[in-house]
Amino acid sequence: MIRNRWAFLLIFFLLFGASHTLAAEPETHGYIDIHNVTIFLKPGYADVHVTYTLDDAFRFLILMFGENDVKNRLFSMLNFENATLVRMDYDSADLKVYDTKPVYGDGLYWFPAHQFGTTIPNLTIISNQSTQYLQNVSKIPSGIVYY
């Protein structure tokens, strides 16, 4: 009897998984959609604030199994090499990015060109000199000098 129950459960999950995969629309990043990224350029680093949504079905799984997969997907989508996670919840995250470099030692810094791992619908880059608003970007084509 136990063998039949395990076989039934195995077949059920295989069929459920296959039908769910066939019915789902193709999505390149799974259960997370980024809406806004704001980069605050600071002396020596950048604060990055990301807002996103998670599919409702995965919120329960994240509650049960932890948020490590969300963190990995987020880092993959943002594609910052030298970043640390400061805070993360179900709809936003804050990161510190240490990719900035001092320029000429005069209090000037350079944030290099950057290729994201996805298209960012709304990107805001804020420095003490200016604020740039960009839409539907997958990269920052040239670096930004700021102080």
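These numbers come from a predicted model, not from an experiment.

1. With respect to the overall build of the protein
The helix and strand tally for the protein stands at 3 helices and 9 strands. For the protein, the proportion of its 147 residues judged to be buried stands at 30%. Accessible surface for the protein amounts to roughly 9,700 Å². Of this, 59% is attributable to carbon and sulfur atoms.

2. Some thoughts on helix 3 (residues 68–78)
Turning to helix 3, its buried residues are Val70, Leu74, Met77 and Leu78. Buried residues of helix 3, seen end-on, are gathered within an arc of 90° and therefore sit on one face of the element. The secondary structure elements touched by the buried residues of helix 3 are strand 1 (32–42), strand 2 (45–54), helix 2 (56–65), strand 3 (83–88), strand 4 (92–97) and strand 7 (114–126). Immediately beyond the C-terminal end of helix 3, within one or two residues, lies Asn79, with a positive phi of roughly 65°.

3. Remarks on the confidence of the model for the protein
If pLDDT is low for a region, its predicted coordinates should not be looked at in detail. In the predicted model, the protein carries a mean pLDDT of 82, and the fraction of residues at 70 or more is 80%. Contacts of residues 18–27 to residues separated by more than four positions or lying in other chains number 2 contacts, the stretch itself having pLDDT below 50.

Scoring rules and cut-offs
- Residues numbered from 1 in each chain as written.
- Predicted model: local features only at pLDDT ≥ 70, side-chain atom pairs only at ≥ 80, totals over all residues.
- Heavy atoms only, no water.
- Helix = DSSP H or I, 4+ residues; strand = E, 2+ residues; numbered from the N terminus.
- Buried < 20%, exposed > 50% of the residue type's maximum accessible area, 1.4 Å probe, protein only.
- Areas by Shrake-Rupley, 256 points an atom, 1.4 Å probe, with all protein chains shown as cover.
- Arc of directions from axis to C-beta.
- Contact = heavy atoms within 4.5 Å.
- pLDDT = per-residue confidence, 0-100.

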